[in-house]
Amino acid sequence: AQTVTQSQPEMSVQEAETVTLSCTYDTSESDYYLFWYKQPPSRQMILVIRQEAYKQQNATENRFSVNFQKAAKSFSLKISDSQLGDAAMYFCAYSKTSYDKVIFGPGTSLSVIP
Amino acid sequence: GAGVSQSPSNKVTEKGKDVELRCDPISGHTALYWYRQRLGQGLEFLIYFQGNSAPDKSGLPSDRFSAERTGESVSTLTIQRTQQEDSAVYLCASSHPLAGGREQYFGPGTRLTVT
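Being a predicted model, the structure only gives us computed values, none of them experimental. (Residues numbered from 1 in each chain as written. Chains lettered and ligands numbered in written order. Predicted model: local features only at pLDDT ≥ 70, side-chain atom pairs only at ≥ 80, totals over all residues. Heavy atoms only, no water.)

## Side note on the sheet that holds strand β7 (residues 75-79) of chain B
Residues and elements named next belong to chain B. One open sheet holds the four strands; their spatial order is β1-β3-β7-β6, and the pairing between them is antiparallel. Because the sheet does not close on itself, it has two edges, and the strands there are β1 (5-7) and β6 (65-69). The average undirected angle you get between the axes of adjacent strands in this sheet is 15°. One ladder, built from five bridges, connects β6 with β7; its direction is antiparallel. Bridge pairing links Ala67 to Leu77 in β7. (Pairing = 2+ DSSP bridges. Helix = DSSP H or I, 4+ residues; strand = E, 2+ residues; numbered from the N terminus. Axes fitted to C-alpha atoms, helices over the stretch in contact; angles between N-to-C directions.)

As structure tokens, then:
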């Protein structure tokens, strides 16, 4: 069965600095999707970034980028120039390309220090 | 267009009562998910509907929990004989299985408090 692990329950970063959140997953599939979702205190979950496994190029969205290491089954999120609004829970998630449920990791709580 | 909506936004109920939570997905989204999120915790998968296929109920914690979906529209999550440990935020999400890499769009959640 597929699993998603986030080994950092809590992280903190100084405003304007860079932070990396870790995620590892387990799958026997060769093609799949990986996601990072953000949940601020308002509890509204929003998609931060998405990676398709067959694409070797790491996805980027403005200040957010990923380091996708397929062989190592690692999918870390890098936040550059951290802002106070980045403070939130961050969830890593996995899904097959076929019709199947999305699997979430336990989350990492990110604090941004002014 | 409109996003995923959930009602009520907050529900306080007495232990032992039944509750119904409602989710309206984005039009055209054939996949619908229910999750439970206890305070300070991650997302706990409950149930997944995909089109007309049999739902994946593998996450329902007990037979007090059930969910229905009418076609590809509204879904209701029912909790019978509520217990205090059922207190949590219940999140609904929908997605299109082919478009957007299966991104999930989440509703604002229903906060359930069992007293």
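## A short note on the interface of chain B and chain A
Listed per partner, the contact involves 27 residues of chain B and 20 residues of chain A. The tally of links between chain B and chain A comes to one salt bridge. Residues Glu103 of chain B and Arg50 of chain A are paired through a salt bridge, measuring 3.5 Å at the closest nitrogen-oxygen approach. Run the count over chain B and chain A and you get seven residue pairs in polar contact (both at pLDDT 80 or more). Taken together, the elements giving at least two residues each to the side of chain B that touches chain A come down to β4 (31-37), β5 (44-50), β8 (88-95) and β10 (110-114) of chain B. (Contact = heavy atoms within 4.5 Å. Salt bridge = Lys/Arg side-chain N within 4 Å of Asp/Glu carboxyl O. Polar contact = N/O pair within 3.5 Å; in protein donor to acceptor, adjacent residues only side chain to side chain.)

## Considering unusual backbone geometry
Keep in mind that most residues, glycine aside, have a negative phi and that most peptide bonds are trans. A cis amide bond, omega -10°, links Ser7 of chain B with the succeeding residue Pro8 of chain B. Here Pro8 of chain B shows up in the loop between β1 and β2 (10-13). Residues other than glycine seldom take positive phi values, yet Ala16 of chain A does so here, at roughly 80°. Along the polypeptide, Ala16 of chain A turns up in the loop between β2 (10-14) and β3 (19-21). The phi dihedral of Asn62 of chain A is positive, around 60°, even though this residue is not glycine. By the secondary structure assignment, Asn62 of chain A is in the loop between β7 (60-61) and β8 (64-69).

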